[in-house]
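Per-entry structural report
One letter stands for each residue in the lines below.
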Amino acid sequence: MGSYLEQLNPSQRAAVEHVEGPSLVIAGAGSGKTRVLTYKVAYLMEQGFSPYSILALTFTNKAAKEMKERIGRVTGEHASRHLWMGTFHSIFSRILRAEAAAIGFPSTFTIYDSADSKSLINNIIKNELNLDNKHYKPRSVQARISLAKNSLVTPSAYAQDEKILMRDKSQRLPHIKEIYSIYVKRCKAAGAMDFDDLLLYTNILFRDHPEILQKYQDMFRFILVDEYQDTNYAQFLIVRQLAKAHGRVAVVGDDAQSIYSFRGARLDNMLQFPKIFENTKIYKLEQNYRSTQNIVKAANSLIAKNKGQFEKNTFSENAPGDPIIISNYYSDQEEGYSVARSISDLIMRGGNDYSDFAILYRTNSQSRNFEEALRKLNIPYKIYGGLSFYQRKEIKDLLAYFRISSNSRDNEALKRIINFPKRGLGQSSVSKVETVSNLSGEAMLDICRKPLEFNCEVNAGTAKKLSTFAELIDKFQEEINTKPAHEMAEIILKESGILKEFSDQNDIENISRKDNIQEMLNALSIFEEGRKKENDLDTVTLLHFLEEVSLLTDQDQDNGEDTNKVTLMTVHASKGLEFKNVFIVGMEKELFPSSQSVESPSQYEEERRLFYVAITRAEEKCFLSYAKSRYQWGKANICAPSPFLRDIDNQYVRAPGDVSFRTKKTIQREQNGPGNDAQKLAALRTQQARRQNSVSPDFKPSDPNSITAGMQVEHARFGMGKVLSMEGSGESAKAVIFFQKEGQKNLLLKFAKLRIVQ
DNA sequence: GGGCCCTAAATTTTT
DNA sequence: TTTAGGGCCC
């Protein structure tokens, strides 16, 4: 220990060794931020801070887990295990469970995911307030409520805020304040919190219970926050409260990488940090160790188009590197196949593993073409985002059983499974129970138990069905506290009838559902073993599993087996990661930047920062591509290149062949408008098809050993070319070949199929 | 109450 | 293209 400090450059080291008083570390992309954070925690422990006294807040659970492991390697695992390290949401849900009584929640409170909360909001709009859910779109109402909560605007504050009311009124949405107020009531009655509540109630807890606040102020003697540029107001206040007494708070972030304002993140938290926390010392990490000079310069030239940021000068002393390559394609499908082929080429040439590649896109829905193409070429890949395991129907249903068994007031869970499997309890019966529940404040499950006592007007048959259901859940509730998670889950599967439901049919979908259930059981076993390993024998029940699972995302699902694979993810999800080669795809107008961002300059700049994040993921090679037509909702649409492509300084990019998107011809084509383009597109398509078939079917490669410099050769895809020089021999023999159409290429002869022409 | 068929909407990004 | 939800009939 100790020697690790010597691995740091002077500014990194200064940031690590800063202990007393607030500090702000402005960490450019690839500047060794993770290393600084890791060593900082190790250093603090060396200085006598116990792991229990260090609170380190990260952006994802995965980041926390990885950092814990890294720290463990420096300090020893026994010490690092006890650090308070995790996301705001996971750390404060833990604290809220411990202090639940103080704010009137059960310690087993459920965490509603956004699907739960959306469905509750929809229900309030439609059934309780009789509003039109086409006009009051649950999704956007949900977004407003979320932003309000993130700014600590409670329903009563919302209803008194003239500015907000005016805005809602002018958008003909005057009832949002009622929806919000009822929503909060319903959540509370259900003993449930949504994601935003975890932060909001933490603030309420600290505000209303100074003694509890003080307990945690005393406990956390040092506070670290990563990705500070993406914290919201609620998070800022929590940090300020906890750090108030001792001021030992270090925040790390990069204003150029702030990409989450849509969910309430305030760049101001970072910009104003020195003003809020007196005597803040600022450290700037400006040297990029990740990327080539060219990539860093290209990214800098892009971000310079934004206004308003911290002054910093990121630079790289790595190799100059290759220019960023821009390609255009006729369709999104061709884009998919070309990217897949490029990856396979680069692999064949040697020096790259599958895991050295990432394909980054703006929206999850773009992944399909790439998945298809990669599958066809037998390239292994892993995909993040989209429908995660825990969002699948059968898994959510099973989880709903777990939830209602641990928190009988969880009405959303109840509604999900009261008629699954079918029990003859349809919508009308359920709404009757729900109405009574809303009016009386009693949990739906309690009404199910004795519907007639609550004047719930159902017939005798239905009443019996309801009480039978309630008894089933009651039985689970008795056991859930004592039985290990895995065993309990099997009981639930069997006695609820889910198992029977699935065993009856054997179609393909059903088999995959069964597989998923099995995977869930495996996950429970793994969870139990993990807890046992840490000698946590008291925390192996479903209750404890639920506490963890609601805050997991599929990024955290990484089981370590998925090592050598190409990564597919959104640019947002790629934050904090790095790859040797990065393909940023779908660089089209109205896609990236998103069409919804063009009205507002600040959103437009955020999209640009997002593009900056994407480029700076690349260590060596960065490829940008756009398609001229793209399938959306089953229809082909004409697309124009993204204006962001022009924001990168010309000298750092290259468009191969003669199709530079910057040539006069292309600009003219873009300006011609869609009509003209559509005709051309058809022509281009046939041309394209012809070109792909240009290699005769009887193409026979020549013996690689007989190829020498100066020869004319033909490549199956690149066409005619001349061998400029040769290098190596036998298995590793390489040739530099200049192709008429594709330019200069470096090919490994073992793989490149070449035919000698002369 | 349950099953079938039709229509409309969805794709911004996530703890 | 896929999926959710509403209407209709048994």
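Residues numbered from 1 in each chain as written. Chains lettered and ligands numbered in written order. Predicted model: local features only at pLDDT ≥ 70, side-chain atom pairs only at ≥ 80, totals over all residues. Heavy atoms only, no water.

1. Section: the protein's contact with DNA strand C
To keep it simple, the criterion reads: Note on terminology: near, applied to a residue and a molecule or strand, indicates that one of the residue's heavy atoms is within 4 Å of it. Under the rule applied, a polar contact is a pair of N or O atoms within 3.5 Å (in protein, one hydrogen donor and one hydrogen acceptor; residues adjacent in sequence only if both atoms are side-chain atoms).
DNA strand C sits among Lys126, Arg368 and Trp633. Here lysine 126 contributes a side-chain N or O atom positioned 2.8 Å from a phosphate oxygen of DNA strand C.

2. As for the packing of aromatic side chains
Threshold: Two aromatic rings, drawn from Phe, Tyr or Trp (for Trp, its six-membered ring), form a pair once their centres lie within 6.5 Å of each other, and the interplanar angle then sorts them: stacked below 30 degrees, edge-to-face above 60, tilted otherwise. Helix numbers and strand numbers start at the N terminus; a helix is a DSSP run of H or I with at least 4 residues, a strand a run of E with at least 2. To sort residues, take the accessible area from a 1.4 Å probe on protein chains only and compare it with the maximum for the residue type: under 20% means buried, over 50% means exposed, and anything in between is partly exposed.
Enumeration over the complete set of coordinates arrives at 22 aromatic pairs. Between phenylalanine 49 and phenylalanine 222 the ring centres are 6.0 Å apart and the planes differ by 85 degrees, which places this aromatic pair in the edge-to-face class. Residue phenylalanine 49 is located in the loop between α2 (33-46) and β2 (54-58), and its partner phenylalanine 222 is located in strand β6 (residues 222-225); the two are separated by 173 residues in the primary sequence. The buried category is assigned to phenylalanine 49, whose relative accessible area is 7%.

3. Some words on the pairing of strand β11 (residues 324-329)
Put simply, the test is: DSSP calls a pair of strands paired once it identifies at least 2 bridges connecting them.
The buried fraction of β11 amounts to six of the six residues, a majority that puts the element mostly inside the structure. Residues Ile324, Ile326 and Asn328 of β11 are buried on one face, and the alternating residues Ile325, Ser327 and Tyr329, pointing to the opposite face, are buried as well. The sheet contact formed by β11 and strand β19 (residues 653-654) spans two bridges and is parallel. Within β19, the position partnered with isoleucine 325 by the bridge is arginine 654.

4. Topic: the pattern of salt bridges
It is possible for side chains of opposite charge to pair when their charged atoms get near one another. Short version of the rule: Throughout this description, the term salt bridge denotes a Lys or Arg side-chain nitrogen within 4 Å of a carboxyl oxygen of Asp or Glu.
The full count for this structure, using the stated rule, is 34 salt bridges. Between lysine 396 and aspartate 113 there is a salt bridge whose closest N-O contact spans 2.9 Å. In this pair, lysine 396 sits in helix α19 (residues 393-406) while aspartate 113 sits in the loop between β4 (110-112) and α6 (114-128), placing the two residues 283 residues apart along the sequence. With a shortest N-O distance of 2.4 Å, lysine 475 and glutamate 495 are connected by a salt bridge. Highlighted residues: lysine 475 in helix α23 (residues 460-480) and glutamate 495 in helix α24 (residues 485-496), separated in sequence by 20 residues. According to the relative accessible area criterion, lysine 475 is partly exposed, its value standing at 36%. With a relative accessible area of 37%, glutamate 495 lands in the partly exposed category.

5. Quick word on the packing of helix α5 (residues 88-98) against helix α11 (residues 195-208)
Helix-helix packing is characterised by the crossing angle of the two axes and by the distance between the axes. Where we set the bar: Fitted lines through C-alpha atoms give the axes, limited to the stretch in contact for helices. The angle between two N-to-C directions lies from 0 to 180 degrees. Small angles under 35 degrees read as roughly parallel and large ones over 145 as roughly antiparallel, with 65 to 115 read as roughly perpendicular and the rest as oblique. Left-handed describes a crossing whose near helix is turned anticlockwise from the far helix through less than a right angle; right-handed describes the clockwise counterpart. Any two residues whose heavy atoms approach within 4.5 Å at even a single point are treated as in contact. Side-chain classes follow a simple rule in which Ala, Val, Leu, Ile, Met, Phe, Trp, Tyr, Cys and Pro form the nonpolar group, Asp, Glu, Lys and Arg form the charged group, and the remainder, Gly included, forms the polar group.
Packing of α5 against α11 leaves a shortest axis separation of 9 Å and a crossing angle of 55 degrees. What the angle tells us is that α5 and α11 run oblique. Considering only the axes of α5 and α11, their crossing is left-handed. Of α11, the residues touching α5 (which contributes Phe88, His89, Phe92, Ser93, Ile95 and Leu96) are Phe195, Asp197, Leu198, Leu199, Tyr201, Thr202 and Leu205. In the contact of α5 with α11, the residues fall into nine nonpolar, three polar and one charged.

6. Considering a negative patch on the surface
Going by this rule: Residues enter patches when they are more than 30% accessible in relative terms and free of salt bridges; like-charged ones are connected within 9 Å and nonpolar ones (Val, Leu, Ile, Met, Phe, Trp, Tyr) within 5 Å. For the accessible areas, the method is Shrake-Rupley and the probe is 1.4 Å, while residue cover comes only from the protein chains on display. In this tally, Asp and Glu contribute negative charge and Lys and Arg positive charge; neither His nor the terminal groups of the chain are included. All charge positions are set by atom: Lys at NZ, Arg at CZ, Asp at CG, Glu at CD.
Together, Glu66, Glu69, Glu77, Glu534, Asp536 and Asp538 line one region of the surface with negative charge. Locating glutamate 66 in the fold gives a position in helix α3 (residues 61-75).

7. Examining the side chain of serine 90
With respect to the helices and strands, the residue serine 90 is situated in helix α5. For serine 90, a relative accessible area of 19% gives the class buried. Sequence-distant contacts of serine 90, defined by excluding residues within four places in its chain, comprise Asn61 and Leu551.

8. Some points on the environment of asparagine 637
The residue asparagine 637 is located in strand β18 (residues 635-638) in this model. Apart from residues no more than four positions distant in its own chain, asparagine 637 is found in contact with Lys628, Ser629, Arg630 and Gln632.

9. Some points on the sheet that holds strand β13 (residues 381-383)
Read from one edge to the other, the open sheet built from seven strands follows the order β13-β14-β12-β15-β16-β11-β19, with strand pairing classed as parallel. Bordering the open sheet on either side are β13 and β19, each of which pairs with just one other strand. Contacts from helix α16 (residues 293-303) reach β11 and β16 (618-627) within the one sheet, and its direction differs from that of β16 by about 50 degrees. Contacting β12 (357-361), β13 and β14 (566-570), helix α18 (residues 367-376) crosses the sheet at an angle of about 160 degrees to β13.

10. Structural notes on the state of the cysteines
Simply put, disulfide is the name for a covalent bond between the sulfur atoms of two cysteines. For the record, the criterion: Two cysteine sulfurs form what is called a disulfide whenever their separation falls within 2.5 Å.
Tallied over the full model, the rule gives zero disulfides. Free of any disulfide, cysteine 448 has its nearest neighbouring cysteine sulfur in cysteine 456, separated by 7.9 Å. No disulfide involves cysteine 622; its sulfur sits 20 Å from the nearest other cysteine sulfur, which is in cysteine 639.

11. Here we look at empty space enclosed by the protein
Filter applied, for reference: Put simply, the grid is 1 Å and covers the protein atoms alone, a cavity is a trapped set of points that fit a 1.4 Å probe, a pocket is an open set with protein on both sides within 12 Å along at least five of seven lines, and lining residues have an atom within 4 Å of a point. Grid points are joined across faces, edges and corners, and a volume is the space filled by probe spheres set on the points.
On inspection of all chains with the given rule, the structure shows four cavities of 30 Å³ or more. The wall of the largest cavity is formed by Tyr112, Leu120, Asn123, Glu128, Arg186, Ala190, Asn411, Glu412, Lys415, Glu434, Asn438 and Met444. Looking at the lining of the largest cavity, the elements with two or more residues in it are α6, α20 (411-417) and α21 (427-440). Counted by class, the lining of the largest cavity contains four nonpolar, three polar and five charged residues.

12. Focus on the confidence of the model for chain A
Here is the rule: Each residue gets a pLDDT score, which is the predictor's confidence in that residue and runs from 0 to 100.
Taken over all residues, the pLDDT of chain A has a mean of 87, while the share at 70 or more is 88%. Note on residues 657-698: pLDDT under 50 across the span, and 42 contacts to partners over four residues away in sequence or across chains.

13. Some points on helix α13 (residues 233-243)
Burial within α13 is extensive, with nine of its 11 residues counted as buried. Among all positions in α13, only Ala234, Gln235, Phe236, Leu237, Ile238, Val239, Gln241, Leu242 and Ala243 are buried. With a side-chain oxygen positioned 3.1 Å from the backbone nitrogen of alanine 234, the residue opening α13 is asparagine 232.

14. Overview of helix α17 (residues 332-348)
Our working definition: Under the convention used throughout, the expected extent of a helix is 1.5 Å for every residue step, that is, one less than its residue count.
An ideal rise of 1.5 Å per residue puts 24 Å on 17 residues; α17 measures up with 24 Å between its terminal C-alpha atoms. With respect to burial, α17 is a largely interior element, 12 of its 17 residues being buried. For α17, the set of buried residues is Asp332, Glu334, Glu335, Gly336, Ser338, Val339, Ala340, Ile343, Ser344, Asp345, Leu346 and Ile347. Positive phi shows up at glycine 350, right after α17, with a value of about 90 degrees.

15. Concerning the sheet that holds strand β7 (residues 249-253)
A sheet is described by the order of its strands in space; here six strands give the open sequence β3-β2-β6-β7-β1-β8, paired in parallel fashion. The sheet is open, and its two edges are formed by β3 (84-87) and β8 (281-285), each paired on a single side. Between one strand and the next, the sheet's axes are offset by a mean angle of 15 degrees, whatever the strand orientation. As paired strands, β2 and β6 are joined by four bridges and run parallel to one another. Counterpart to leucine 57 in the pairing with β6 is valine 225.

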